[in-house]
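What follows is the residue order along each chain.
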Amino acid sequence: MVRRRAEGVGLTALIACLVPGLLLGACSLPSGGAAISVPPDEVPYGLVTTTATPAAPSAPEPTSASARGTVYLVDGQQRLVPLIVEVSTAPLRPLVQDLLHRLALGPTERQRSRGLLTDLAPGSTLALRSVDRGTATIELQATVQDPSPVRFPVAIGQIVLTATSVVGVDRVRFVQEDGTPANVPVPPIGGVTTDAVTTEQLDTLLAPGTTRPARLVPLPGDDPVPVQSPTSGTG
């Protein structure tokens, strides 16, 4: 009984030293003697609780690199206007096909509200067949509703300027589904060619004061583009 009472007095003194608001005068430390160990089950709740160190925030998952590409839409005066879009960095052929995909989808509602349109017919299909020594061969499949003779050269201009906005494509040759050259209209109105179309032939279609953005540089390499999955426009 005496030993238990002594231990209780010692514990009371220790608690008075640790808990604010108790008698501070009782907290003087003894000048000598061995340290006394208090069993954990006799210490008031919370005094020996350890605080967990918060884990350092993890780094965000890496995302695929993006680049600024260019597609060409049409303003209310039937002039070509460059539009900057975000695309994933890729080798030449996948990058060009990605831009053709963006072009075939047509303008978004927000872009339409800005007066930007497309002269590509609804359901137009753009498939990149090949890129050889600066010439991109693109299949433009016929649709039930082709552009009017006035709009068709502008539609061709959209495709050519979009494709040639990537370094490595300097001209575009159009073919039919069976690979034979396609007759496409070029400025001036009434002109038709089966040859590759260059950007110089389309300068008169650009909106006044338009400066073509810097051409996008693709990644090294040339991943294959599956021609079995052409890009279809939604109109």
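For clarity, every value in this text was computed on a predicted model and none was experimentally measured.

**Re the overall build of the chain**
Looking only at helices and strands, one finds four helices and nine strands in the chain. Across the chain, helices and strands are ordered from the amino to the carboxyl terminus as α-β-β-α-α-β-β-α-β-β-β-β-β. Sorting the 235 residues of the chain into buried and exposed places 35% on the buried side. Relative to all contacts within the chain whose residues are 6 or more apart in sequence, the contacts with residues 24 or more apart total 64%. Split by element, the accessible area of the chain, about 14,400 Å² in all, is 58% carbon and sulfur.

**Section: helix α2 (residues 92-105)**
For α2, built from 14 residues, the straight-helix expectation of 20 Å at 1.5 Å per residue is met to within 8% by its first-to-last C-alpha distance of 20 Å. Turning to α2, its buried residues number three or more, namely L92, R93, L95, V96, Q97, L99, L100, L103 and A104. Directly after α2, the chain includes G106, whose backbone phi takes a positive value near 85°.

**Focus: the confidence of the model for the chain**
The predicted model of the chain averages 78 in pLDDT, with 64% of residues at 70 or higher. When pLDDT is averaged over each element of the chain, strand β5 (residues 171-175) comes out on top at 97 and helix α1 (residues 2-18) at the bottom at 45. Within the model, pLDDT remains below 50 along residues 56-63, and this stretch shows zero contacts once partners closer than five positions in the same chain are excluded. The model gives residues 226-232 a pLDDT under 50, and that stretch makes 17 contacts with residues more than four places away or in other chains.

Cut-offs and rules
Residues numbered from 1 in each chain as written. Predicted model: local features only at pLDDT ≥ 70, side-chain atom pairs only at ≥ 80, totals over all residues. Heavy atoms only, no water. Helix = DSSP H or I, 4+ residues; strand = E, 2+ residues; numbered from the N terminus. Buried < 20%, exposed > 50% of the residue type's maximum accessible area, 1.4 Å probe, protein only. Contact = heavy atoms within 4.5 Å. Areas by Shrake-Rupley, 256 points an atom, 1.4 Å probe, with all protein chains shown as cover. Expected span 1.5 Å × (residues − 1). pLDDT = per-residue confidence, 0-100.

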